[in-house]
Amino acid sequence: MEIEIYADLVCPWCYIGKHRLEQALASYDGEVTVRYRPFQLDPSPVAEPLPLVTAMAAKFGGPERARQMFDHVTAVAAGDGLRLDFDRAVIANTFDAHRLVAYATDHGRAGEMVEALYRAHFTQGVDLGSREALAAVAGGIGLDAADARRFLDSDERTADVTADLATARELGITGVPMFVLAGKYAVSGAQEAQTLLAALAEVEQREAAAT
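Described below are features of the structure shown in this document.

Calculation notes
- Residues numbered from 1 in each chain as written.
- Predicted model: local features only at pLDDT ≥ 70, side-chain atom pairs only at ≥ 80, totals over all residues.
- Heavy atoms only, no water.
- Salt bridge = Lys/Arg side-chain N within 4 Å of Asp/Glu carboxyl O.
- Helix = DSSP H or I, 4+ residues; strand = E, 2+ residues; numbered from the N terminus.
- Buried < 20%, exposed > 50% of the residue type's maximum accessible area, 1.4 Å probe, protein only.
- Phe/Tyr/Trp six-rings, centres within 6.5 Å; stacked < 30°, edge-to-face > 60°.
- Lys NZ or Arg CZ within 6 Å of the ring centre and 35° of its normal.
- Polar contact = N/O pair within 3.5 Å; in protein donor to acceptor, adjacent residues only side chain to side chain.
- Contact = heavy atoms within 4.5 Å.
- Axes fitted to C-alpha atoms, helices over the stretch in contact; angles between N-to-C directions.
- Parallel < 35°, antiparallel > 145°, perpendicular 65-115°, else oblique.
- Left-handed = near helix turned anticlockwise from the far one by under 90°.

**What to know about the pattern of salt bridges**
Taken as a whole, this structure holds 21 salt bridges when the rule is applied. Here Arg157 and Asp106 are joined by a salt bridge, their closest N and O atoms 2.6 Å apart. Taken as a pair, Arg157 in the loop between α7 (145-153) and α8 (158-170) and Asp106 in helix α4 (residues 95-106) lie far apart in primary sequence, 51 residues in all. When its relative accessible area of 27% is taken as the criterion, Arg157 is described as partly exposed. A salt bridge links Arg119 to Glu115, with the nearest nitrogen and oxygen atoms 3.9 Å apart. With Arg119 and Glu115 both in helix α5 (residues 110-123), this residue pair falls four residues apart, about one helical turn. Three or more residues joined by partner-sharing salt bridges are found here, namely Asp96, Arg99, Arg131, Arg149 and Asp153.

**Describing the packing of aromatic side chains**
Applying the stated rule across the entire model yields five aromatic pairs. Each ring, one from Phe70 and one from Phe86, has its centre 4.3 Å from the other, and the planes form 15 degrees; the classification is stacked. Of this pair, Phe70 sits in helix α3 (residues 63-79) while Phe86 is found in the loop between α3 and α4, placing the two residues 16 residues apart along the sequence. Residues Phe70 and Phe86 agree in their burial class; the two are buried. Taken together, the ring pairs connect Tyr15, Phe70, Phe86, Tyr118 and Phe122 into an aromatic cluster. Directly above the aromatic system of Phe151 lies the positively charged group of Arg99, at a separation of 4.9 Å from the ring centroid.

**Topic: the side chain of Asp96**
Mapped onto the fold, Asp96 is located in helix α4. Looking at Asp96, the relative accessible area reads 13%, which means it is buried. A distance of 2.8 Å separates a polar atom in the side chain of Asp96 from a polar atom in the side chain of Arg99. Setting aside its immediate chain neighbours within four residues, Asp96 contacts Arg131, Leu134 and Leu152.

**Section: the packing of α4 against helix α6 (residues 131-140)**
At a minimum axis distance of 10 Å, the contact between α4 and α6 shows a crossing angle of 25 degrees. Regarding the angle of α4 to α6, the classification is roughly parallel. Crossing of α4 against α6: the hand is right-handed. Contact with α4, carried on its side by Asp96, Ala97, Arg99 and Leu100, involves Arg131, Leu134 and Ala138 of α6 and no other residues of that element.

As structure tokens, then:
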């Protein structure tokens, strides 16, 4: 079964959803292929890497409201064994980061790259809009940092990421994470691992019945 994960790399619920899917797959005995598909919560250009706390306070009605949101998702993530440090995170346009995932996919390292990018954003304060920083993340998982930088400075996979973003819009995806199972069954949100496991089993049964 193919599982497509539409997600953004600065989305905390996507980070949580990825780990919950991995927990579900650890208990699933079927064969799966996971493909990471890009989505941008905000495709606007980012002139400078402002602190996320500052940007979200302006967007959601003040620092107190933003802090409440951060505290909630931080607690949920902690329950899943993940650490989120919003005080270090900075805003970024993630288009090049999604291209880097495509680069890692070509080298058989997509899952590791996605994990490293989430960790870089949410715990290390790395600017995912910086090509220099992205190349360093690639080097951190054992890929060639210089070649990754060459790739980022080219237009390679730009058309592919653009097309995938357009597909997400055509599918009507407005929130992430979105899991698409077997190309036609959608599961929205960072569902619990048991919920995802049940969805996998149901899709497997449906697909078997259809053949």
